[in-house]
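Chain by chain, the residues run as shown.
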Amino acid sequence: MGAGQAISAIGSYQSASSQTAAKNQQIAANYNQRRVAYEKGNLDRLAIYNTQVTDTKINQDEIGFAARNAISTNTLAEAEADRQLEAKLQQIQLAKLKGTGVANEGGRSRSFGRNQMLAAGRSEGAIADQRERLSVATFIKNRKALEEANQARVSQWRSVNMGPGEAGPAPAMPKFAKGPSKLGLALNLAGAALTAAAPAFKA
């Protein structure tokens, strides 16, 4: 009877140990799966942020290039328009140098061609006014191009200047199941030994 009890106790202990080991393996597997998913999510977050930073740097260069191109186009347009105005001004000044072709000697001749000279003066003033407005308009266009570029650059950086963000909480370490008590097995075996020894004492 005592040997049977001992075998039963050992069998129960081994069965319980096997069940506990299987359960703990499943707990460990689930934890490892969550940990791998957490690490992958963290790496993905950093990779996405680094891509955003790279894209932002590229966009910054493109914004700067577009602004420089706009300013260059405005400046060239102003230079061309100013060249045409300068050509008109030279024509007027050349006509003034040639005069009316009539001698300007006393009497009525003193006022001869006066209207033409006044008209030429007005034309010169109009051209000077046009050139001034052209310069101001180009300045405004260039300033607007710079302001828009700066606003676009700031907007781009705002999307990444807060960093990649914080990682979420890592999976907590799991609590493993406790196996059968070795002390309990020892007590059961001791009890089985006493049971086996009892007939000998009775004899």
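Residues numbered from 1 in each chain as written. Predicted model: local features only at pLDDT ≥ 70, side-chain atom pairs only at ≥ 80, totals over all residues. Heavy atoms only, no water.

A. The overall build of the protein, seen in detail. What the protein contains, in helices and strands, is 3 helices and 0 strands. When the helices and strands of the protein are read in sequence order from the N terminus, they spell out α-α-α. Burial analysis of the protein (203 residues in total) assigns 16% to the buried set. Contacts in the protein between residues at least 24 apart in sequence constitute 94% of all its contacts with a sequence separation of at least 6. In the form shown here, the protein has an accessible surface area of approximately 15100 Å², with 58% of it arising from carbon and sulfur atoms. (Helix = DSSP H or I, 4+ residues; strand = E, 2+ residues; numbered from the N terminus. Buried < 20%, exposed > 50% of the residue type's maximum accessible area, 1.4 Å probe, protein only. Contact = heavy atoms within 4.5 Å. Areas by Shrake-Rupley, 256 points an atom, 1.4 Å probe, with all protein chains shown as cover.)

B. Geometry of a nonpolar patch on the surface. Taken together, the side chains of Val136, Phe139 and Ile140 make up a nonpolar region of the molecular surface, amounting to roughly 280 Å² of accessible area. Positionally, valine 136 belongs in helix 2 (residues 114-158). (Patch = residues over 30% accessible without salt bridge, like charges linked within 9 Å, V, L, I, M, F, W, Y side chains within 5 Å. Salt bridge = Lys/Arg side-chain N within 4 Å of Asp/Glu carboxyl O.)

C. Quick look at the nonpolar core. If you look at the biggest cluster of nonpolar residues, it comprises 5 residues: Leu85, Leu89, Ile92, Ala120 and Ile127. Secondary-structure elements contributing two or more residues to this core are helix 1 (2-98) and helix 2. Among the elements that take part in this core, helix 1 stands out by supplying 3 residues, more than any other. Each residue touching isoleucine 92, except ones within four places of it in the same chain, is listed here: Ala120, Ser123, Glu124 and Ile127. (Core = buried A, V, L, I, M, F, W, Y, C linked by side-chain atoms within 4.5 Å.)

D. The pattern of salt bridges, seen in detail. Tallied over the entire structure, the rule returns 6 salt bridges. Across the pair lysine 40 and aspartate 44 runs a salt bridge whose closest N-O atoms are separated by 2.8 Å. Taken together, the residues span about one helical turn, with lysine 40 and aspartate 44 both in helix 1 at a distance of 4 residues. Taking the relative accessible area as the measure of exposure, aspartate 44 reaches 35% and is therefore partly exposed. Shared partners join several salt bridges into a network, and the residues in it are Asp82, Glu86 and Arg131.

E. View of the side chain of threonine 138. Among the secondary structure elements, threonine 138 is positioned in helix 2. Classification of threonine 138 by relative accessible area gives buried; the value is 7%. The residues contacting threonine 138, other than those within four sequence positions of it, are Asn74, Thr75 and Glu78.

F. The arrangement of the environment of alanine 47 in detail. As for its placement among the helices and strands, alanine 47 is situated in helix 1. Spatially, the C-alpha atom of alanine 47 lies 9.0 Å from that of proline 164, the residues being 117 residues apart in sequence.

G. Just the confidence of the model for the protein, in detail. Of the residues in the protein, 73% reach a pLDDT of 70 or more, and the chain-wide mean stands at 79. Mean pLDDT in the protein bottoms out at helix 3 (residues 182-202), which sits at 55, and peaks at helix 2, which reaches 86. (pLDDT = per-residue confidence, 0-100.)

H. Molecular detail of the side chain of threonine 56. For threonine 56, the position within the fold is in helix 1. In this structure threonine 56 touches Gln156, Trp157, Ser159 and Val160, once residues within four positions along its chain are discounted.

I. Geometry of the environment of serine 155. Among the structural elements, serine 155 can be located in helix 2. It is 9.8 Å that separates the C-alpha atoms of serine 155 and threonine 56, two residues lying 99 residues apart in sequence.

J. Quick look at the environment of alanine 21. Its place among the elements puts alanine 21 in helix 1. By relative accessible area, which is 37% here, alanine 21 ends up partly exposed.

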